[in-house]
Amino acid sequence: MAPAVLAATGQQEHLDSPHTNGKLRLDAITENYEGNYQFAPIQEAQVSRAMIKRYFETMYERAISDVVIIGAGSAGLSCAYHLATTRPDLKVTLVEANVAPGGGAWLGGQLMSPMIIRKPADGFLRTLGVPYEDEGAFVVVKHAALFTSTLLSKVLALPNVVMFNATAVEDLVVHTDHAGAQRVAGVVTNWTLVALNHDTQSCMDPNTITAPVIVSATGHDGPMGAFSAKRLVSMGLLKELGNMRGLDMNRAEPAIVNNTREVAPGLIMTGMELSEHDGSNRMGPTFGAMIGSGIKAAKEAIKAYDSATIREGKVVA
Ligand code: AHZ
């Protein structure tokens, strides 16, 4: 039994805490708010080991994943939820550059809190149990953070989902496949704080995650955004970036959902990153397309996964 579990059950006798006299005294723990709130005793090393063991075991296990999603904004998280609930057998690994996942979905437009979602994407709110006001053609969630925190908590609670945040994808793994074509076969990762300091420090090599299917959801262009679209250009798999076009809600939202697809073998693109890839319009502060595109990306990921013969995370036929 792991030390943390032993500690919780009071069976770990080798702890040498002054509170415990060699033995955990769980009877001393009290949740008393009148000046006698007593915690279970602990040693600092137990805390370190409880984190390290789980984190690195997870990293070890997810070095081969079934689907990696790059970016945990509204599109990436919607994709993760649909994918992981539809296919509980798949190991879904989210890699998010920021410490705080959620991308731009903590607020609506111009830093105002209400979030607008056009129908029919409101069905996803009912699936998640997020309340809203119905305005006819669209619905309004009173605070964007209510949508994002609910979605995030439901995604993270799924047993087949792992998220590495504060971790940036800084390159793609590209193999020559069985037919001689270039195939995206994984992601190259680094702690974001390292990725941001390649110019100031000498070589700090990255790590990798191998997966037969990658979903890129890194948002529109920015210091890290549109990452995979830009990398496809620089490695010659895409001639040029389409570049996001001006705002037109009515053109933009269906274009993003309907064109969500495998843009290069092994790489599905979703959300606003696709507008940079394809050169389609932006929609501004209306989030239905991020939900619809995320769900479509999940469906495309399942199709791609199921149509491939996979060995050790690699597509072999
Ligand atoms: O931190 C980024 C954010 O959380 C993350 N990300 C970007 N590059 C990354 C990298 N490695 C790991 N190299 C990375 N993570 O990706 C997330 C993108 O979230 P987002 O909210 O920016 O994009 P989205 O496509 O999910 O939602 C876009 C929302 C917008 S923008 C817009 C407009 O300007 O018109 N309209 C909508 C609805």
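Located above this text is the structure these notes cover.
Let us look at the structure shown here. (Residues numbered from 1 in each chain as written. Predicted model: local features only at pLDDT ≥ 70, side-chain atom pairs only at ≥ 80, totals over all residues. Heavy atoms only, no water.)

1. Overview of the packing of helix α3 (residues 74-86) against helix α5 (residues 144-157)
Item 1. At a closest axis distance of 9 Å, the pairing of α3 and α5 adopts a crossing angle of 40 degrees. Classified by the interaxial angle, the pair formed by α3 and α5 is oblique. Where α3 crosses over α5, the two elements pack in a sense that is left-handed. Mapping the contact onto sequence places S74, L77, S78, A80 and Y81 in α3 and F147, L151, L152, K154 and V155 in α5.
Item 2. Split by residue class, the contact of α3 with α5 holds seven nonpolar, two polar and one charged. (Axes fitted to C-alpha atoms, helices over the stretch in contact; angles between N-to-C directions. Helix = DSSP H or I, 4+ residues; strand = E, 2+ residues; numbered from the N terminus. Parallel < 35°, antiparallel > 145°, perpendicular 65-115°, else oblique. Left-handed = near helix turned anticlockwise from the far one by under 90°. Contact = heavy atoms within 4.5 Å. Nonpolar A, V, L, I, M, F, W, Y, C, P; charged D, E, K, R; others polar.)

2. Describing the nonpolar core
Item 1. Counting 70 residues, the largest nonpolar core has I69, L83, L94, I117 and F147 as the members making the most contacts within it.
Item 2. For this core, the element with the most residues is helix α10 (residues 288-307), which contributes 10 residues. (Core = buried A, V, L, I, M, F, W, Y, C linked by side-chain atoms within 4.5 Å. Buried < 20%, exposed > 50% of the residue type's maximum accessible area, 1.4 Å probe, protein only.)

3. Structural notes on the site of the ligand
Item 1. Around the ligand, the surrounding shell holds 28 residues, and the nearest of these are E96, G104, M272, R282 and G284.
Item 2. Residue E96 places a side-chain N or O atom 2.6 Å away from an oxygen atom belonging to the ligand.
Item 3. A distance of 2.8 Å is found between an oxygen atom of the ligand and a backbone nitrogen or oxygen belonging to G104.
Item 4. Protein contacts shield 90% of the accessible area of the ligand, which totals 800 Å² for the unbound molecule.
Item 5. Counting only elements with at least two residues in the shell around the ligand, the list comes to α3, β2 (92-96) and β7 (167-176).
Item 6. For the shell around the ligand, the element with the highest residue contribution is β7, accounting for three residues. (Near = heavy atom within 4 Å. Polar contact = N/O pair within 3.5 Å; in protein donor to acceptor, adjacent residues only side chain to side chain. Areas by Shrake-Rupley, 256 points an atom, 1.4 Å probe, with all protein chains shown as cover.)

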